[in-house]
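Working through the structure, step by step
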Amino acid sequence: MIEKAGMTDARKSLYFHLGLIGALFILQFILPAYHHGNLARIMVLACYAMGYNILFGYTGLLSLGHAMFFAAGMYGMGLPMVHLGWTPEPALISAIAAGVVVSAGIGFLALRTSGVSFMIVTLMFAQAGFLTILYFGEWTRGDEGFVIKQAERVMAGFDLSQPVNRYNAALILFSICLLLTIRLVHSRFGRVMIAIRENEERTHMLGYDVHFHKWMAVIMSGTMAALAGAAYALLFGYAGATFASVQYSIFPLLWVLLGGAGTALGPFVGTLFMFYLIDLSSSFTTAYMLIAGLALVLLTLFLPQGLVGEFRRKVVPWLS
Amino acid sequence: MKKTSKSLLTPRRQVIKGAAASLALGAVSMPLMGRYAQTQSAEPIKIGFQVHRTGIGAAYGRWYDRTTMAAVEKINNAGGINGRPVEIIAEDDGTDPKRGAEVVEKFATQHNADLAFGTLFSHVVYGSAPRAGELKIPYFVVSEGHHVASGALNRYTLQPGITDVKSQVQAMAPFVADNLGKKVTMVYPDFAFGHDHRDYFSAAIEAQGGQVIEKIAIPPTETSFTKYFPKIPRDTEVIYHVMVGPAVLTFVKEMGEFFGSSRPEIFGFIDSLEATDLSSPGLEFLEGTYFWEGNPRYAQANQSEYDKAYRAAVGVDANGASVSDSKDVSTYAHMFGCWETLHIVKAGMEASGYRGTGDRAKLIEAVESMSDMPHSHAHPQGAKRFNGKTHQVFGHQYITKVSNSKLDLVHTTSIEDTLYPDEVDYTKQSF
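Residues numbered from 1 in each chain as written. Chains lettered and ligands numbered in written order. Predicted model: local features only at pLDDT ≥ 70, side-chain atom pairs only at ≥ 80, totals over all residues.

What follows concerns the overall build of chain B. Each helix and strand counted, chain B has eleven helices and 17 strands in total. Counting across all 431 residues of chain B, residues that qualify as buried make up 48%. Contacts spanning at least 24 positions in sequence make up 68% of the contacts within chain B whose residues lie at least 6 apart. (Helix = DSSP H or I, 4+ residues; strand = E, 2+ residues; numbered from the N terminus. Buried ≥ 20, exposed ≤ 12 C-beta atoms within 10 Å, placed from the backbone. Contact = placed C-beta atoms within 7 Å.)

This part covers the sheet that holds strand 10 (residues 290-293) of chain B. All names here are of chain B. The seven strands are arranged 7-6-8-9-10-16-17 in an open sheet whose pairing can be described as mixed. Two strands close off the open sheet at either side, each with one partner strand: strand 7 (211-218) and strand 17 (406-412). When strand polarity is set aside, the average angle formed by the axes of neighbouring strands in this sheet is 25°. Sheet topology places strand 9 (residues 265-269) next to strand 10; three bridges connect them, and they run parallel. (Pairing = 2+ DSSP bridges. Axes fitted to C-alpha atoms, helices over the stretch in contact; angles between N-to-C directions.)

Membership of the largest hydrophobic core comes to 205 residues, with the highest contact counts inside it found for V44, C47, F70, A228 and A231 of chain A. Aside from chain neighbours lying at most four places away, what touches C47 of chain A is L173, F174, C177, M224, L227, A228 and A231 of chain A. (Core = buried A, V, L, I, M, F, W, Y, C linked by C-beta atoms within 7 Å.)

A word on the packing of helix 2 (residues 33-58) of chain A against helix 10 (residues 210-236) of chain A. Relative placement of two packed helices is described by the angle separating their axes and the distance separating the axes. Residues and elements named next belong to chain A. Orientation of helix 2 relative to helix 10, taken along the N-to-C sense of each, is 165°, at an axis distance of 7 Å. The angle between helix 2 and helix 10 falls in the class roughly antiparallel. The way helix 2 lies across helix 10 gives a crossing that is left-handed. Contacts from A40, V44, L45, C47, Y48, M50, G51, Y52, I54 and L55 of helix 2 reach helix 10 at A217, V218, M220, S221, G222, M224, A225, L227, A228, A231, Y232 and L235. Looking at side-chain class alone, the contact of helix 2 with helix 10 contains 19 nonpolar, three polar and no charged residues. (Parallel < 35°, antiparallel > 145°, perpendicular 65-115°, else oblique. Left-handed = near helix turned anticlockwise from the far one by under 90°. Nonpolar A, V, L, I, M, F, W, Y, C, P; charged D, E, K, R; others polar.)

This part takes up the interface of chain B and chain A. Taken together, the contact pairs 27 residues of chain B with 22 residues of chain A. Within the residue set of the side of chain B that touches chain A, elements represented by two or more residues are helix 4 (97-110), helix 5 (122-135) and helix 7 (192-207) of chain B. Class assignment for the residues of the side of chain B that touches chain A results in eleven nonpolar, eight polar and eight charged.

All names here are of chain A. Within the secondary structure layout, V44 lies in helix 2. Residue V44 is classed as buried on the basis of its C-beta count, with 26 C-beta atoms lying within 10 Å. Considering only alpha carbons, one finds V44 and S187, 143 residues apart in sequence, at a separation of 25 Å. Setting aside anything within four residues of it in sequence, one finds V44 in contact with A170, L173, A228, A231, Y232 and L235.

This brings us to the pairing of strand 16 (residues 398-403) of chain B. Residue and element names in this part refer to chain B. Where strand 10 lies against strand 16, four bridges are found, and the strand directions are antiparallel. Paired with E293 across the strands is Y398, a residue of strand 16. Relative to strand 17, strand 16 runs antiparallel, the two being bridged by six bridges. Across the sheet, the residue bridging to Y398 is T412, located in strand 17. The turn joining strand 16 and strand 17, which pair antiparallel and follow one another in sequence, is formed by two residues; a positive phi near 55° is taken by N404.

We now examine the sheet that holds strand 15 (residues 392-395) of chain B. Residue and element names in this part refer to chain B. The sheet built from three strands is open, its strands ordered 13-14-15 with antiparallel pairing. Of all the strands in the sheet, the pair left with one neighbour each is strand 13 (372-373) and strand 15. The sheet contact formed by strand 14 (residues 384-387) and strand 15 spans four bridges and is antiparallel. Paired with N387 across the bridge in strand 15 is Q392.

A word on helix 14 (residues 306-314) of chain A. Three or more residues of helix 14 of chain A are buried, namely G306, L307, V308, G309 and R312 of chain A. Lining the buried residues of helix 14 of chain A we find helix 11 (247-259), helix 12 (266-281) and helix 13 (288-302) of chain A.

The subject of this paragraph is unusual backbone geometry. You will see that A156 of chain A, though not glycine, has its phi angle at about 50°, which is positive. When you line up the elements, A156 of chain A lands in the loop between strand 2 (154-155) and strand 3 (158-159). Phi at N82 of chain B takes a positive value of approximately 50°, unusual for a residue other than glycine. Within the secondary structure, N82 of chain B is located in the loop between helix 3 (58-77) and strand 2 (86-92).

In structure tokens, the structure reads:
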């Protein structure tokens, strides 16, 4: 009986998210050009946040170094395109490979620690990654970064610099990441991840290999972040060290907190909310980060589970 | 039949009456139409100003803003552009390449601005330029980066108001080799801006028979520099330094402590000390050293009437600080670029008969066809030569010497000193 109810909930949740994807598809025909462009970027960044959410929201590991995974994908995509003349298809594979390798390596080392130490170690690794990009300035052009030319950003015959193609490419990527997240949290593996978040000791006592699950969570999370980084480079034509800086490690944490950690949709809602909060507030004050900070404080105080988290708690308990 | 004939054969008096009536109507309606036509043409020209209000570029952004507003006021007081007033729409890019791209999108698709303008930091230019090219909005940067002339960007991106780092650096080499020494040690930040200096200056000093004998790259996170000074070879004749950010004060102080009273000649780029008062404690050691300046901060003995007028318009005193606050030092070596760029936009729009966003390509072609620009109220920094193929302007560079905590002009380079072979021809790219 419980099994069956669970199935139904999972199905409801799936339909809900499929409905959202459908709505995003239709929105492209309605939105004015400015918001159309914004939404494409928000969907890409939401993938970054969804990657972050796998580790933070579902597994309970707070990383302060995810910018290095985002940058691994960005440079995994950009460097071979610019220096080796690769087309986007193999470059995308190299970006994913870069994400897997970097997150597997960093995860292996960083998971020797936990809690606050894990935060600090990931922060330090990310800083080292940032400095490495600057150090190899001859290829990466360091902080200045480099442009991936419009003519080279053609994938499977689609010119990704065109608004319609860009939007739909972002939507496809977003859908893949969203559905993968939902699939993951309903899988056996995902349930172990959540169990680790809720009570690591008990999960360990129940006989699960906690370390392995955490490591895999870092790899999945890092690779999804890398995928978002690769997509940013490809869709917006730029790769630069700024995206590897500490500020870009903090962003996904904020987006996820705002939207709701441990909800499939929270990262998207958080990214969307934060973007428009900054976009609107920056038009009348330079202290827009203060407003963003204030909003975050208020949300943490009054909606501690984030926007989607509270929505789930009060309205739709079946939401993934 | 009768009726028809009557209407056909209208009596002369009636015709005259009718004509008078229609003339009167015309006379009444014409001013209305005229007024309408005028409102159409008096629609402001909207210039999207991508400004570093927050982030690392904020000090520059503040002065870029003041210079821009002063230039717009001057242009509007003189009748605007093609009889239309100029309106500045400022958006903060946070000195961030992602936000920079978003701001350019906002100018193009929400504000429906005629063009985007004003970016300084190179990473923001790199991040934003692809979007400007895709959205086909002219993007006039004031960045001094070599990005435009290197061919990395696109036909919609131009830098007609400020020279680039490559030409600035190479133009310094003859002066350094002839007056300061031929054995140079370079100290620079270990990121792209520093690497540009390293590469361009090394090549340029060799062409003058000199040599860079040591290159000391300082990681951007460094806050103390004492461990780097022992790396300076003893036979160094000139130290060439270019540091950016707040660490420069520590850098100068520690360099002074290291050398004491016997130091080699020192040459630096003012970028380190833009918006910084030269009489700040710790900078005494700079006395007698030399600086590149894009435009001399202190009003010189031979100050041109153009610099005088420009300085007054922006609100800068003879010491390069704000007239309302002597502690608020300007970014004088760079900010003239905003003033000059806006005058070029005006000249380009007037030459092309620019009417609206449909004429953006015409505006770019008009600017591409520009070449020599005389020293004038529109170009108070000095005469310029624009290269339409590379979208980059070339101009005089100034070398000043610190004496009594002020910068005195000792050398002005020729425009020829700053030229280098073309690396791109943007005019071959389609719009």
